[in-house]
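Architecture at a glance
Take a look at the letters that make up each chain.
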Amino acid sequence: EEQDAQYKRYAELSPAGLSELADGELYSAVLYRMDTALRARDDLPKKAGPAERVARLNDPGRAVYVASELDSEMAEGGLSAFFFDDTRTLALQVSDSLREIGAQEHRALFDAFVFDHQVDLTRPRAFAQDPDNDQAFETFDRAYQDLPPLKGMVVSYIRRHITEF
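Figured I'd write up the structure that's included with this text.

Rules of the game
Numbering of residues starts from 1 in each chain and follows the order in which that chain's sequence is written. Local features in this predicted model are restricted to residues of pLDDT 70 or higher, and side-chain atom pairs are both shown and tallied only at a pLDDT of 80 or more, whereas totals for entire chains, interfaces and linings draw on every residue. The side-chain quantities take in all heavy atoms of the structure and omit both hydrogens and water. We define a salt bridge as a side-chain nitrogen of Lys or Arg found within 4 Å of a carboxyl oxygen belonging to Asp or Glu. In this description a helix means any DSSP run of H or I spanning at least four residues, a strand means any run of E spanning at least two, and both kinds are numbered starting from the N terminus. Think of it in three bands: with a 1.4 Å probe and only protein chains considered, a residue is buried below 20% of the maximum accessible area for its type, exposed above 50%, and partly exposed in between. In this scheme, a helix's expected span is set at 1.5 Å multiplied by one less than its residue total. Note: the arc covers the axis-to-C-beta directions of the helix. Cavities and pockets are defined on a 1 Å grid built over the protein atoms alone: a cavity is a set of grid points where a 1.4 Å probe fits but cannot escape, while a pocket is an open set with protein on both sides within 12 Å along at least five of seven lines, and lining residues are those with an atom within 4 Å of any such point. Grid points are joined across faces, edges and corners, and a volume is the space filled by probe spheres set on the points. We call Asp, Glu, Lys and Arg charged. Ala, Val, Leu, Ile, Met, Phe, Trp, Tyr, Cys and Pro are nonpolar, and the rest, Gly among them, are polar. Stacked, tilted and edge-to-face are the three classes applied to pairs of Phe, Tyr and Trp rings, where Trp contributes its six-membered ring and a pair requires centres within 6.5 Å; stacked means planes under 30 degrees apart, edge-to-face means over 60, and tilted covers the rest.

This next bit is on the pattern of salt bridges. If you walk through the whole model with that rule in mind, you get 8 salt bridges. The partner of Glu25 in a salt bridge is Arg9, and the shortest N-O contact between them spans 2.4 Å. A residue pair is termed long-range when its members are at least 10 positions apart, and Glu25 in helix α3 (residues 23–39) and Arg9 in helix α1 (residues 2–12) qualify at 16 residues. A relative accessible area of 23% means that Glu25 is categorised as partly exposed. Its relative accessible area of 36% is what places Arg9 among the partly exposed residues.

In structure tokens form, the structure reads like this:
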């Protein structure tokens, strides 16, 4: 019940109210609001995948959604998980989203990985399923962990675009 009350409060906050939240709570509130807005859409099938969902968002929403999904998968299982799971449908949007967020080091790492390993971003699962690529994924994941936290950059971006959420 306490969490339900918190989510209800998130849904009702104005941009000014959002801007007063601490970083972690702002991040949660914006992701909750985007998810709620997407679930409320009549034109979005209940089992819509990430690419279908993100297509319904405004530009700042897309950037935050894609960067957040990447960061979540990196924390859970690394880039191979991102390429293997449903989030793989977002692979084509990662570079642009990271650029929009201002995460240039993350973008450079991702773009170099794609270029160096000739990853077909329309079919990233095929690359993720090849055990010969395990070392490449491990190297990427270690380098990603050495970068500044993406979540902080996402929160800064949200604050700069607070009226869009």
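If you check helix α10 (residues 134–145), its first and last C-alpha atoms are 17 Å apart, about what 12 residues at 1.5 Å a residue would give, namely 16 Å. Looking only at α10, the buried set comprises Ala136, Phe137, Phe140, Asp141 and Tyr144. Down the axis of α10, the smallest arc covering the buried residues is 130 degrees, so these residues share one side.

With that settled, the discussion passes to unusual backbone geometry. The phi torsion at Gln118 lies on the positive side, around 50 degrees, for a residue other than glycine. The residue Gln118 is located in the loop between α8 (104–116) and α9 (124–129) in this model. Using a relative accessible area of 70% as the deciding quantity, one classes Gln118 as exposed.

Here we take up the layout of surface pockets. Taken as a whole, the largest pocket encloses approximately 160 Å³ of empty space. Around the largest pocket sit Tyr27, Leu31, Met34, Asp35, Leu38, Arg53, Tyr65, Ser68, Glu69 and Ser72, which together line it. Sorting the residues of the lining of the largest pocket by element identifies α3 and α5 (59–76) as the ones contributing at least two each. Along the lines of polarity and charge, the residues of the lining of the largest pocket split into 5 nonpolar, 2 polar and 3 charged.

Glancing now at the packing of aromatic side chains. Under the defined criterion, the tally for this structure stands at 12 aromatic pairs. Between Phe83 and Phe113 the ring centres are 6.3 Å apart and the planes differ by 50 degrees, which places this aromatic pair in the tilted class. Of this pair, Phe83 sits in helix α6 (residues 79–84) while Phe113 sits in helix α8, and the two are 30 residues apart along the sequence. Accessibility assignment for this pair places Phe83 and Phe113 in one class, buried.

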